[in-house]
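Here's the letter readout for the chains.
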Amino acid sequence: MKEIYLDNNATTKVDEAVFEEMRPYLCELYGNPSSMHFFGGQVQKKVDEARKRVAALLGADPSEIIFTACGTESDNTAIRSALETFPEKRHVITTRVEHPAVLTLCRGLTKKGYRVTELGVDGAGRIDLDELRNAIDDDTAIVSVMWANNETGVVFPIEEIGAIVKERGALFHTDAVQAVGKIPLNMAASTVDMLSLSGHKLHAPKGIGILYLRKGTPFRPFLVGGHQERSRRAGTENTAAIIALGKACQTAAEWLEDENTRVLGMRDRLEKELLSIIPHSRINGGGAVRLPNTLSIAFEFVEGEAILLLLSEKGICASSGSACTSGSLEPSHVLRAMGVPFTCAHGSIRFSLSRFTSEDEIDAVIRELPPIILRLRQISPFGRELLKG
Amino acid sequence: MWDYTDKVKEHFLNPRNVGDIPDADAVGEVGSLACGDALKLFIKLDDAKERIVNATFQTFGCGSAIASSSALTEMIKGKTLDEALAVTNQEIADFLGGLPEEKMHCSVMGQEALELAIVTYRGGPAPVHSHDHLHGEQEGEVVCKCFGLTDGFLRKVIEQNRLHTAEQVTHFTKAGGACGGCIPKIKDIIAQVLGEQPAVAPKKQEKLTNLRKMQLIQEVLENEVRPQLWADGGDLELVDIAGSIVQIAFRKACAGCHSSGHTAKFVEQKLRDMVSSDIVVEEVEG
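If you're wondering where the values come from, they're calculated on a predicted model, not measured in any experiment. (Residues numbered from 1 in each chain as written. Chains lettered and ligands numbered in written order. Predicted model: local features only at pLDDT ≥ 70, side-chain atom pairs only at ≥ 80, totals over all residues. Heavy atoms only, no water.)

A. Layout of the overall build of chain B. Looking only at helices and strands, chain B features 10 helices and eight strands. The globule rule puts the C-alpha radius of gyration for 286 residues at 19 Å, and the 19 Å found for chain B is close to it. Within chain B, buried positions represent 49% of all 286 residues. Within chain B, contacts between residues separated by at least 24 positions form 57% of all contacts whose residues are at least 6 apart in sequence. One way to put it: in chain B the 29 positive side-chain charges average out to a point 3 Å from where the 43 negative ones average out. (Helix = DSSP H or I, 4+ residues; strand = E, 2+ residues; numbered from the N terminus. Rg over C-alpha atoms; globule rule 2.2 N^0.38 Å. Buried < 20%, exposed > 50% of the residue type's maximum accessible area, 1.4 Å probe, protein only. Contact = heavy atoms within 4.5 Å. Lys, Arg positive; Asp, Glu negative; His and termini not counted. Charge placed at Lys NZ, Arg CZ, Asp CG, Glu CD.)

The following block contains the structure:
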């Protein structure tokens, strides 16, 4: 069965061109870029080129790019660095809808005596800037707010947030793992001090990420050891993956317009058709600015895992905010923070598209999903009441 | 992705006995939308009102919840009410070739609905269950506020499934799976239940001769089981032992007691723990 892959916020296909770019740097050009010989030196040149390519996508200077192993490492590095830099400051601000990479870290800080403020969101997933203004004070070491939400695609007003943060002299970090390559970013004209990026969300392999670190921002490394990454991240470089990420960023820049036209069009069509065909469905984050590729849609009175399993039978890969898929017992923290009613929260499905998504695949979902929802509603005691209407 | 058995997948993809029975004799409804799963079980009895001739279900829930419901209806059709009452959540899971431990609460939900249906049909008080907002008031103190679970319900599941960690209790009942605030209380309840259980003799690993097995069975029945039954005004008689099959007949208050199925299970578990894990207890008229 050929997969219809609509789970690109979870991970993406490695672009063939990206793979070709990295291929020689495993078996043939495997040298260590730190070595003094020509064999390592030629890899160093390629790593430098990758750094430039990543910087170009972000509108940053190559010296501001630190290669890491993943988005989670970048998030941890940024927040821990800020706390070490300002040991006298004992307050951290984040949001209730962050990725666990940030949220788990911040909640752990409360046990170490830090004050942690988690900003709430409204029903559409939007942040209240006044809440931030009231929360931030001179004790705030760092504010960490994601650029775009992985579950709903809701985009936060990062520059407006950054302006408030800068006024109070705190550091500003953003987890931009879902935003990079989907919406244009320009660090040269940004208030962001630190930004996390993950390779496997933009058609590079897993196991590579970056931390953008604005020039002049005080920094303490998370991993210490060798002098790699100018001693800001020790450990021998994952050269093949770095080279792949460079190519992936270069390609993402080329496809950015497509993402915001064709991909957006497919997402909107999927959304419109499903809402019109399936009664008692609603969009999570529908009233907010969203990523062009993400659709989080809730179906009342059915449970998400059951939907995903039946979609999977048809080859369709999606994701869910339901409890049962994750081993957790509650619907996702994001949907709960938004106050999505329980009738919907358990039946929320996320479709996330990419430039490899085709109109035919969207047609397949529009064809296959409605009978699945109907079937599960016929099994559900609440769904049956609804159908009797 | 969950590692579901083929049988779970098959029952999820082709659930048996979905629907309702308009003239059902017994209905058991547990769970809620807020909890993320719910089951409504319908039972139709024969003219003598003893044997289940039809059972259907409606389930809101994940794949394993639907599969567990389907399995339950298949298992109880043709059983007497007493036989059906003796069905445990573990047997529902076994029928499906096993469930991931995190999903055992799906089988518990099935067993709950079944027990609720039969006990209320018999006019008894609603048994101790997890989801108090759907049916009668229940005994005990709410331990897990997120899922509305009482100490009585948790004790029952802990005892029946011999759970010994808070994590297992979460997997079987959901308690503690949301905010986690009640986990210390769950640990206390486990400690209490374990404290009340008589120390289990170490299992005999060596292969027992048939004679030795018979002797041990008789010793356990005399010294461990019957005194407990006497305490409740009941008794049992050992009718026969054939290999690993132990036939017993209930006497006094146990005879005709609608929960004698549970008692038989208790006897079986006792013998499995203290004599041999392959023992099967059968209740016979005698």
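Here the narrative resumes, following the displayed structure.
B. Fine view of the domain arrangement of chain A. Residue and element names in this part refer to chain A. By domain assignment, chain A separates into domain 1 (4-10 + 256-388) and domain 2 (16-252). The interface of domain 1 with domain 2 comprises 28 residues on the first partner and 29 residues on the second. Across the interface of domain 1 and domain 2, roughly 2400 Å² is buried in total on both sides, 56% from carbon and sulfur atoms. There are zero salt bridges connecting domain 1 and domain 2. Those elements giving two or more residues to the side of domain 1 that touches domain 2 turn out to be α8 (239-277), β10 (294-299) and α10 (333-337). In terms of residue count, the dominant contributor to the side of domain 1 that touches domain 2 is α10 (four residues). Within the side of domain 1 that touches domain 2, the residues separate by chemical class into 11 nonpolar, 13 polar and four charged. (Domains from an automatic or database assignment. Buried area = accessible area lost by both parts, 1.4 Å probe. Salt bridge = Lys/Arg side-chain N within 4 Å of Asp/Glu carboxyl O. Nonpolar A, V, L, I, M, F, W, Y, C, P; charged D, E, K, R; others polar.)

C. Seen up close, the nonpolar core. With 88 residues, the main nonpolar core has I307, F351 and L369 of chain A together with I43 and L154 of chain B as its most contacted residues. The residues contacting F351 of chain A, other than those within four sequence positions of it, are L6, L270, L274, N293, T294, L295, I297, L311, I316, A318, V365 and L369 of chain A. Ranked by size, the runner-up nonpolar core spans 67 residues in total, among them V18, V47, A176 and M187 of chain A. (Core = buried A, V, L, I, M, F, W, Y, C linked by side-chain atoms within 4.5 Å.)

D. Geometry of the interface of chain B and chain A. Every contact between the two is made by 32 residues of chain B and, on the other side, 26 residues of chain A. Buried surface at the junction of chain B and chain A, summed over both partners, amounts to about 2300 Å²; 70% is from carbon and sulfur atoms. Of all residues in chain B, the largest losses of buried area upon contact with chain A belong to L13, L33 and F60 of chain B, amounting jointly to 25% of the total for that side. Applying the counting criterion to the chain B and chain A interface returns one salt bridge. Joining chain B to chain A, the criterion identifies eight residue pairs in polar contact (both at pLDDT 80 or more). Element by element, the count of residues in the side of chain B that touches chain A is highest for strand β3 (residues 52-60) of chain B, at four residues. Residue classes in the side of chain B that touches chain A are distributed as 17 nonpolar, 11 polar and four charged. (Polar contact = N/O pair within 3.5 Å; in protein donor to acceptor, adjacent residues only side chain to side chain.)

E. How the structure looks around the packing of aromatic side chains. For the structure shown, the criterion picks out three aromatic pairs over all chains. Taken together, a centroid distance of 5.0 Å and an interplanar angle of 70° make the contact between Y30 of chain A and F39 of chain A edge-to-face. Both rings, one in F382 of chain A and one in F60 of chain B, keep their centres 5.6 Å apart while their planes meet at 75°; by these two values the pair is edge-to-face. Taken together, the residues span two chains, with F382 of chain A in helix α13 (residues 381-388) and F60 of chain B in strand β3. Among the residues examined, F382 of chain A registers a relative accessible area of 16% and is labelled buried. Classification of F60 of chain B as buried rests on a relative accessible area of 0%. One aromatic cluster in this structure is built from Y30, F38 and F39 of chain A. For R90 of chain A, the ring lying beneath its charged end belongs to Y114 of chain A, and the centroid distance is 4.1 Å. (Phe/Tyr/Trp six-rings, centres within 6.5 Å; stacked < 30°, edge-to-face > 60°. Lys NZ or Arg CZ within 6 Å of the ring centre and 35° of its normal.)

F. Examining empty space enclosed by the protein more closely. Residue and element names in this part refer to chain A. Applying the stated criterion across every chain yields a total of six cavities of 30 Å³ or more. Its volume calculated, the largest cavity comes out at about 130 Å³. Taken together, 15 residues make up the lining of the largest cavity; nearest its centre are G181, K182, K201, H203 and E259. The residue makeup of the lining of the largest cavity includes at least three contributed by each of domain 1 (4-10 + 256-388) and domain 2 (16-252). (1 Å grid on protein atoms, 1.4 Å probe; cavity = no way out; pocket = protein on both sides within 12 Å on 5 of 7 lines; lining within 4 Å. Points joined across faces, edges and corners; volume = space filled by probe spheres on them.)

G. Representation of the side chain of N9 of chain A. Residue and element names in this part refer to chain A. Along the chain, N9 turns up in the loop between β1 (4-5) and α1 (16-22). N9 sits in the buried class, given a relative accessible area of 2%. When residues no more than four places from it in sequence are discounted, the contact partners of N9 are N150, Q178, K182, K201, N293, T294, R350 and S352.

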